[in-house]
Amino acid sequence: MRGFEAASGLLKDRIRSAGESRGFAVTRLLTHWPEVVGEDLARVTRPVKVGYSKGAFGATLTVLVKPTDAPMVQMQLPRIRDRVNACYGYAAISRVTLTQTAPMGFAEGQAQFLAPPPVAPPAPPPEILAKAHETAEGVQDEGLRRALEMLAANVLTRRRT
């Protein structure tokens, strides 16, 4: 045994073979889609496959999009193509096509298109906030005092649970 290994190292070959079966020579396109096309487009799109035609130069990237967002994404196709080609490092993609479906239509589309809103942690009880304020009372710098109060509240909340 080699001891502990990163999960990415264990799954790298399987991810690469799964990506290559759909035409993705660069798995970074799948794993870092929001960084490649931008957060605004990544919320409403998913790359589905890359198709290579015989004798033609360049490949076709198929992108999954909901029908309600398709007109806006259609206007962004040149931008998507340019950013994907920048990810590849050369003009690998010559065309981008859209596949319109509901977000639960394809197996690839079963992931949520929009990220759920972040859940705010519950506010600590007033007695903990008062004790945290009391702890950082002697600090003159306002920013440092707020940070210390937050730290004290977190520590006191964790001790309580």
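Residues numbered from 1 in each chain as written. Predicted model: local features only at pLDDT ≥ 70, side-chain atom pairs only at ≥ 80, totals over all residues. Heavy atoms only, no water.

## What to know about the sheet that holds strand β3 (residues 93-100)
Move 1: Spatial ordering of the open sheet is given by β1-β2-β3, a layout of three strands whose pairing is mixed. Only two strands of the sheet have a single neighbouring strand rather than two, namely β1 (45-52) and β3. For this sheet, the mean inter-axis angle between neighbouring strands, taken without regard to orientation, is 25°.
Move 2: Contacts between helix α6 (residues 77-88) and the sheet are confined to β1, β2 (59-65) and β3, with β3 contributing the most and set at about 125° to the helix. (Pairing = 2+ DSSP bridges. Helix = DSSP H or I, 4+ residues; strand = E, 2+ residues; numbered from the N terminus. Axes fitted to C-alpha atoms, helices over the stretch in contact; angles between N-to-C directions. Contact = heavy atoms within 4.5 Å.)

## Here's the deal with the environment of A147
Move 1: As for its placement among the helices and strands, A147 is situated in helix α8 (residues 142-160).
Move 2: Take A147: its relative accessible area is 39%, and that puts it in the partly exposed class.
Move 3: Between the C-alpha atoms of A147 and A136, which are 11 residues apart in sequence, the distance is 8.9 Å. (Buried < 20%, exposed > 50% of the residue type's maximum accessible area, 1.4 Å probe, protein only.)

## Regarding the nonpolar core
Move 1: In terms of nonpolar packing, the biggest core is built from 22 residues, with W33, V37, L61, I80, V84 and I93 touching the most fellow members.
Move 2: Only α3 (33-37), α4 (39-42), β2, α5 (70-75), α6 and β3 provide two or more residues apiece to this core.
Move 3: Examining the composition of this core, we find that five residues originate from one element, α6, more than from any other.
Move 4: What V84 contacts, discounting residues up to four positions off in sequence, is L29, W33, V36, V37, L61 and I93.
Move 5: Of all hydrophobic cores here, the second largest spans five residues; its members include I128, A152, A153 and L156. (Core = buried A, V, L, I, M, F, W, Y, C linked by side-chain atoms within 4.5 Å.)

## Looking at the side chain of N85
Move 1: Mapped onto the elements of the fold, N85 is located in helix α6.
Move 2: Under the relative-accessibility criterion, N85 is labelled buried at 11%.
Move 3: Residue contacts for N85: discarding those within four places in its chain leaves Y90, A91, A92 and I93.

## As for the side chain of R145
Move 1: Relative to the assigned elements, R145 resides in helix α8.
Move 2: Within the structure, R145 has its side chain in polar contact with the side chain of E142 (distance 2.2 Å).
Move 3: Setting aside chain neighbours within four positions, we find R145 in contact with A136, E137, V139 and Q140. (Polar contact = N/O pair within 3.5 Å; in protein donor to acceptor, adjacent residues only side chain to side chain.)

## Describing the environment of L64
Move 1: Positionally, L64 belongs in strand β2.
Move 2: Expressed as a C-alpha distance, the spacing of L64 and T97, which sit 33 residues apart in the sequence, is 8.8 Å.

## A word on the pairing of β2
Move 1: A large share of β2 lies buried, amounting to six of its seven residues.
Move 2: Relative to β2, β1 runs antiparallel, the two being bridged by seven bridges. Looking across to β2, one finds that T45 is bridged to V65.
Move 3: As paired strands, β2 and β3 are joined by seven bridges and run parallel to one another.

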